[in-house]
Every structure is written in C-alpha cells, then in structure tokens.
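For reference, the chains in residue letters:
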Amino acid sequence: MPDSEKSKPTLKQQSFKALKWNYVGSLSRAGLQFVIGIVLARLLGPEAFGLVAIASLVLGLGALFADFGLASVLVQRKEISKLDIRYVFTLQSLIGIALTVALEIGAGSIAGFFNRPDALPVLQVMFLTFAIQGFGQTSAALLRRGLDFKRLQLAQMASYLIGYVVLGLPMAFGGMGVWSLVAAQLLQTTLSTAFTYSIARHSVVPCLHNNSTGFFQFGLKVTATNLSNWALACLDSVVLGRVFGATQLGLYNRAFSLVAMPTYNIVTSLQGVLFSATSRMQDDDTRLHQTYLSAIGAVGFICMPMFSVVAFIPHTMISGIYGNNWLDAVVLLTPLALAMPFSALMGLGGPVMTGMGKASHEMVTQFCCLLVFAPLLYWASGYSVQVVAWSVFTGYVLRFVSITHMALRLIKGTWLELAVVLRGPVVLAAFCTALTWAFDNQLRPIDLSNFLRLTLVGSFAATVMLLGLLIGQRWLISKPIAQLVREAKKKLPLPLQKLIIV
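Residues numbered from 1 in each chain as written. Predicted model: local features only at pLDDT ≥ 70, side-chain atom pairs only at ≥ 80, totals over all residues. Heavy atoms only, no water.

Draft legend 1. Here's a closer look at the nonpolar core. Counting residues in hydrophobic clusters, the biggest one holds 113 residues, and the most contacted among them are Leu-40, Phe-127, Tyr-252, Tyr-292 and Leu-336. Leave out the neighbours within four places in its chain, and Leu-336 touches Tyr-252, Ala-255, Phe-256, Val-259, Ala-389 and Val-392. Listed in part, the 9 residues of the second largest apolar core include Leu-70, Leu-74, Tyr-87 and Cys-207. (Core = buried A, V, L, I, M, F, W, Y, C linked by side-chain atoms within 4.5 Å. Buried < 20%, exposed > 50% of the residue type's maximum accessible area, 1.4 Å probe, protein only. Contact = heavy atoms within 4.5 Å.)

Draft legend 2. Seen up close, the environment of Ala-119. With respect to the secondary-structure elements, Ala-119 resides in the loop between α4 (82-113) and α5 (120-126). The spatial distance from the C-alpha of Ala-119 to the C-alpha of Val-52 is 8.3 Å, given a sequence separation of 67 residues. Excluding residues that lie within four positions of it along the chain, Ala-119 makes contacts with Leu-51 and Ala-111. (Helix = DSSP H or I, 4+ residues; strand = E, 2+ residues; numbered from the N terminus.)

Draft legend 3. A look at helix α17 (residues 385-411). With 27 residues, α17 extends 39 Å from end C-alpha to end C-alpha; this agrees with the ideal 39 Å at 1.5 Å per step. A positive backbone phi angle near 65 degrees is found at Lys-412, which sits one or two residues after α17. (Expected span 1.5 Å × (residues − 1).)

Draft legend 4. Spotlight on helix α14 (residues 330-346). Helix length check: α14 (17 residues) gives 25 Å between terminal C-alpha atoms against 24 Å at 1.5 Å per residue, within 8%. Along α14, the helix axis deviates most sharply at Met-340, where the bend reaches about 30 degrees; the proline Pro-341 sits within four residues downstream. (Bend = angle between axes of the 7 residues up to and from the residue.)

Draft legend 5. Spotlight on unusual backbone geometry. Positive phi values are uncommon outside glycine, yet Asn-115 reaches one of about 60 degrees. Within the secondary structure layout, Asn-115 lies in the loop between α4 and α5. For Lys-412, which is not a glycine, the phi torsion comes out positive at approximately 65 degrees. Residue position: Lys-412 is located in the loop between α17 and α18 (415-443).

Draft legend 6. Summary view of the packing of α14 against α17. Axis separation between α14 and α17 bottoms out at 8 Å; the angle between their running directions is 15 degrees. Between α14 and α17, the interaxial angle falls into the category roughly parallel. The handedness of the crossing between α14 and α17 is left-handed. Contact residues: α14 offers Val-331, Leu-332, Thr-334, Pro-335, Leu-336, Leu-338, Ala-339, Met-340, Phe-342, Ser-343, Leu-345 and Met-346, while α17 offers Val-385, Gln-386, Ala-389, Trp-390, Val-392, Phe-393, Tyr-396, Val-397, Arg-399, Phe-400 and Ile-403. Its residues placed into classes, the contact of α14 with α17 shows 19 nonpolar, 3 polar and 1 charged. (Axes fitted to C-alpha atoms, helices over the stretch in contact; angles between N-to-C directions. Parallel < 35°, antiparallel > 145°, perpendicular 65-115°, else oblique. Left-handed = near helix turned anticlockwise from the far one by under 90°. Nonpolar A, V, L, I, M, F, W, Y, C, P; charged D, E, K, R; others polar.)

Draft legend 7. Quick look at the packing of aromatic side chains. Taken as a whole and assessed by the stated rule, the structure comprises 12 aromatic pairs. Relative to Phe-114, the ring of Phe-113 has its centre 5.0 Å away and its plane inclined at 90 degrees; by these criteria the two rings are edge-to-face. For Phe-113, a relative accessible area of 37% translates into the label partly exposed. On the basis of relative accessible area, Phe-114 is assigned to the buried category, the value being 6%. Among the aromatic residues, those joined into a ring-pair cluster are Phe-342, Trp-390, Phe-393, Phe-400 and Trp-415. Positioned above the aromatic ring of Phe-113 is the side chain of Arg-242, whose terminal nitrogen or guanidinium carbon lies 4.8 Å from the ring centre. Its end group placed over the ring of Trp-475, Arg-423 keeps NZ or CZ at 4.7 Å from the ring centre. (Phe/Tyr/Trp six-rings, centres within 6.5 Å; stacked < 30°, edge-to-face > 60°. Lys NZ or Arg CZ within 6 Å of the ring centre and 35° of its normal.)

Draft legend 8. Highlighting the environment of Gly-250. Its location among the elements puts Gly-250 in helix α11 (residues 246-280). For the pair Gly-250 and Gly-45, spaced 205 residues apart in the sequence, the C-alpha separation amounts to 8.1 Å. The contacts of Gly-250, once residues within four sequence positions are left out, are Pro-46, Phe-49, Gly-50 and Trp-326.

Draft legend 9. View of the pattern of salt bridges. Counting across every chain of the model gives 3 salt bridges. Taken together, the shared-partner salt bridges connect Asp-440, Arg-444 and Arg-453 into one network. (Salt bridge = Lys/Arg side-chain N within 4 Å of Asp/Glu carboxyl O.)

Draft legend 10. Spatial organisation of the environment of Ala-111. If you trace the backbone, Ala-111 turns up in helix α4. For Ala-111 and Leu-123, which are 12 residues apart along the polypeptide, the C-alpha to C-alpha distance reads 7.9 Å. The contact partners of Ala-111, leaving out residues within four places of it in the chain, are Arg-116, Pro-117, Ala-119, Leu-120 and Leu-123.

Draft legend 11. Local environment of the side chain of Gln-188. Along the chain, Gln-188 falls in helix α9 (residues 178-199). Since its relative accessible area comes to 16%, Gln-188 is described here as buried.

Draft legend 12. Spotlight on the confidence of the model for the chain. Of the residues in the chain, 80% reach a pLDDT of 70 or more, and the chain-wide mean stands at 80. Across the chain, element-level confidence peaks in α14 with a mean pLDDT of 93 and bottoms out in helix α1 (residues 3-7) with 46. Of the regions scoring below 50 in pLDDT, residues 1-7 engages in 1 contact with residues more than four places distant in sequence or in other chains. (pLDDT = per-residue confidence, 0-100.)

Pasting the structure below:
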C-alpha cells in the first residue's frame, strides 16, 4: 500500500476530528450567545425579543424552502461533480432572492396576523437575509461533506462576534432597542456567507440544467421532513404570538432559548458529523448500530443531568440570569427544561435515517406527530402560556418515542439496548437533581444576590455531576459508550486519562 494511502485518515479519525471542532466551535459560540443574550435581555426587555421572535419564525420557515434539501443532497451523495455544485448553487441563490421578494410583499400581512403593525419594518429588514444566505449555503454544504467543521465553525464564530459584539451590543447600550438585534443578525448573516465562500470556493457560473437524477426527489423528502420539524418546533411560538401577544412571546422565547440553545449546540454539532459519517457507512449495519447507540448514550450523559437540574430550580435560574423583570417566565422553565433531553435524543434519529437514504421515514413519522401535536396545542392555547409549555413537553416526548422507534428499526436495534445505554444517564440525573434541589432550598433563607445564589448552585451541581460520573463510571457507562470514551480518551492529557478507567 502506498505511503499516501497509509497516512490518509480513516473515517473514524475524520469523524472524531470533525466532532471535536464542531463541539469546540458550537460550545464557544453557545457561551458567547448565552452571555450576550443575558446582557441584551436585561437591556431590551421582553418586548424587543418578542418582535424579533416573530421575524425569526418566518425566517426559520423560509430557510427550509431556501435550501430545498439541496445542501443535504451534496453531503449525502457518494459522488458529486462540478456541474452538480453549480446547479445547486444556482437554485439556492435564485430561491433565496425569490423568497426575499415574496416576503417583502407579504410583510404587512404577516405583521397583521400577529396584531403587531410595528413589526413591519423589522420584518422587511430581516427578510433580506434570505437573499444573502442563498449565496453561502453551497459552500457550507461542501465543508460539511468534507467533514471540515473546523473552518466552518471558525467562520460562524467570527461572524457572530462581529455581528453582536462589535455592532449589536453598542447599539443596545445606545438605546437603539429592537434594531440592535436586527442589525446584528443581518451583519452576522452577511459575514457568515462571505467567510464560508472564501473558505470553500466554487464556480458561481449559473447552471439550470443537470444530468444527475434524484436531486429534487431527495431534496423534496428532506424539505418535507424539515417542514414538519419546523411546525413541531415553532407552532407553539406562532400560537403564543397570535393569542397572547409579543410580550408573552418574549417571555416564552427567553425561557425556551435558555434551555434550547445549549440543546441545539450539543445536538446539531453531533448531527452534522453523524449525517456525514452515516452517509459514508450507510451499507454497514454493524457500524451504524454502534454509532447510533454511542451517540444516544453520549448525549444522554450531557443532557439528562443538566436539564433535570434546571427543571427543579427554575426561580434560581431565571432570577439569576435575566433578573427579576423576567420572573413571569419561571413557570415556563420547568416543562421546557424537561422537554430538552427528549428533544436532544430524538434529534439523533433524523441524521441517521437521512444518511441511510431513508429521509421519507422521518418525514412520515414527523408528519404523524404533527397531526397529534397541533390539536393539543390549540386546546392548550385556550388556557394559559404555562399549559402551552406543558403541551410542548408532551409533544417532544411523543416525537422522541416515534422517531427513535423508527431509527431503531432501521439499524436493527431494540428498545432494551437503548434502555441499557440510557440507564447510567437517568441514574446520574436523579442523583444530581436531588442533591442540587436540596442545596438550593438550604440557600433560600440566606440573603444572597440572585447571581451569587445561581453561581453557588450551578457550581455545586457541576461538581456533583462530575464526581458522580467519575466515581460510578464503571457501572454507569455501558459498553457502546465505553468504546466511544476509550477513543476520546486517547486525545486527553495523561492526568485526565488516568481518571478514566472504563
């Protein structure tokens, strides 16, 4: 075998490297978003976030049509040509421009639907992002295809820093209100597109004809699946904005973001790598089985203890992070935090199914969940925002069961195997939550600032979680996760390697 072949990284090595950089970038960006979000929430209040949330709902929906699943086609296909790349780029660019024009025309109707005429200029400016994003989606897909998540994350991190730190925060401190959020988002999108294309350059010569088959069929399945996902994820915000108004939507948005943002960064980082890796091993049942169960176990250990703790100390979380002006969000945090482990675990089934070329399976499953969730949400909207939050929790449990069942069937796995993998995370979550809840209650009579109390409780929870995992690792960590831990262990400093004994 030639030396060049021997030195070429294996798929496992490429995947671990991609996963490492995806998490480094995502967690760094999540930390920045968390801190900047706190500052902006304290400066701007619920109203501004409610107006931007209205625009974000439409942006999220439109983004699904702007891509039309074509980026997933570029990643999933075993072989692509330069003509394929030009063809996808042309379509994505044209769709992005068309969406901007169409939504600019319909912005008044959208503002009227939410009974907020003052949202019109916000919508008109933010809808420009579709045309801008359209020019960068192909480059981002090529980076994901090549598992080059290091440079993709660096581009996203740099654009976020410049957009929000250099522009957004100074505008907020200057009293620009909601426009500080709008300007920051627009600049971030523009820079992300420019940086991504500068890294993964490709021909921009238009091409509207391609001999390759199956582009639209596969893209349509991905788009339909994503539409169901969007409806399941955003229907609650649409109902809240329509029925309860922008202020209540702002409260819900911040409570949801507090738990959804870390979930999003944890899961999407793994989803991108999982999809790319699964696409390459789609004919190897044994590796697919091992990879999926390992991913489930790893995410369970991160999400279950963390969100279980958050769910049982909602007052400490909201008051310590956002301040007393946001206390109406306390009752919303518990159901939303409990929903996040189900959301995270459910999110791993989709990339596996799509990578195996079975996007239609997820599409049908998500659509069936939507048929159940929509009437439930409609019923809940007749009561209160808190009831809506609990209906969202119910919806995530339903989606987890449905998607996971389908994924297990495809990889020839069983619920018993899944239960064994998740046994450790569940036990660790119960242990950490009980001790942290007791510690939080012990601090209540003591006169402490909200932030100091949160710092003490958070530090205690993190310590208990780490010690519990280290002490009980032989019993808590099941075989599929142990193999993943051993692989990751090799990348750690020697002192940390000695602490891991599985």
